[in-house]
Amino acid sequence: MGNVGGTLCLSSFHVYWSSDDEVFVAHSDRHPGLVARDEWSSLAAMETLIDLIERQRPHDHSVDRSAA
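Keep in mind the model is a prediction, meaning the values are calculated, not measured.

Thresholds, definitions, all that
Residues numbered from 1 in each chain as written. Predicted model: local features only at pLDDT ≥ 70, side-chain atom pairs only at ≥ 80, totals over all residues. Heavy atoms only, no water. Pairing = 2+ DSSP bridges. Helix = DSSP H or I, 4+ residues; strand = E, 2+ residues; numbered from the N terminus. Axes fitted to C-alpha atoms, helices over the stretch in contact; angles between N-to-C directions. Contact = heavy atoms within 4.5 Å. Phe/Tyr/Trp six-rings, centres within 6.5 Å; stacked < 30°, edge-to-face > 60°. Buried < 20%, exposed > 50% of the residue type's maximum accessible area, 1.4 Å probe, protein only. Polar contact = N/O pair within 3.5 Å; in protein donor to acceptor, adjacent residues only side chain to side chain.

A. Here's a closer look at the sheet that holds strand 2 (residues 23-28). Reading across the sheet, the three strands line up as 1-2-3 and stay open at both edges, with antiparallel pairing between neighbours. If you trace the sheet from one side to the other, it starts and ends with strand 1 (13-18) and strand 3 (31-38), each paired once. Adjacent strand axes in the sheet meet at a mean angle of 20 degrees, parallel and antiparallel pairs treated alike. Bridge count between strand 2 and strand 3: five bridges; the pairing is antiparallel. Its bridge partner being in strand 3, V25 is matched across the sheet by R37. Sitting on the sheet, helix 1 (residues 42-56) touches strand 1, strand 2 and strand 3, and the angle it makes with strand 3 is about 140 degrees.

Right, dumping it as structure tokens:
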């Protein structure tokens, strides 16, 4: 799965705990240059990564990310 209709598919996201850095690390197969970290929450790391990805691509006002 990938980017379908302007939305992000979560199957390309991975989150893991880095015991060396003591943070959750989120990355995506579709965006290998972007990584997000959060020391408290895996979900926060993933949400930060999604925000980074959305800032990288042109925004289409007809497709907005809904609140979780």
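Structure's up, so let's keep going.
B. Focus on the packing of aromatic side chains. In the structure shown here, the tally under the stated rule is one aromatic pair. Measuring from ring centre to ring centre gives 4.9 Å for W17 and F24, while their planes differ by 65 degrees; the resulting arrangement is edge-to-face.

C. View of the environment of A36. Considering the arrangement of structural elements, one finds A36 in strand 3. The exposure class of A36 is buried, given its relative accessible area of 3%. It is 8.2 Å that separates the C-alpha atoms of A36 and L52, two residues lying 16 residues apart in sequence. Apart from residues lying up to four places away in sequence, A36 is in contact with F24, V25, A26, A45, T48, L49 and L52.

D. Molecular detail of the pairing of strand 1. Taken together, the six bridges between strand 1 and strand 2 define a ladder with antiparallel strand orientation. Considered in strand 2, the bridge of F13 is made with S28. Where strand 1 folds back onto strand 2 in an antiparallel hairpin, the turn is made up of four residues, including E22, whose phi is positive at roughly 55 degrees.

E. Inspection of the environment of D38 at higher detail. Turning to its location among the elements, D38 is positioned in strand 3. Sequence spacing of D38 and V23 is 15 residues, and the spatial spacing of their C-alpha atoms is 5.4 Å. When residues no more than four places from it in sequence are discounted, the contact partners of D38 are V23, F24, A44 and A45. Within the local environment of D38, its side chain forms a polar contact with the backbone nitrogen of W40, the two atoms lying 2.8 Å apart.

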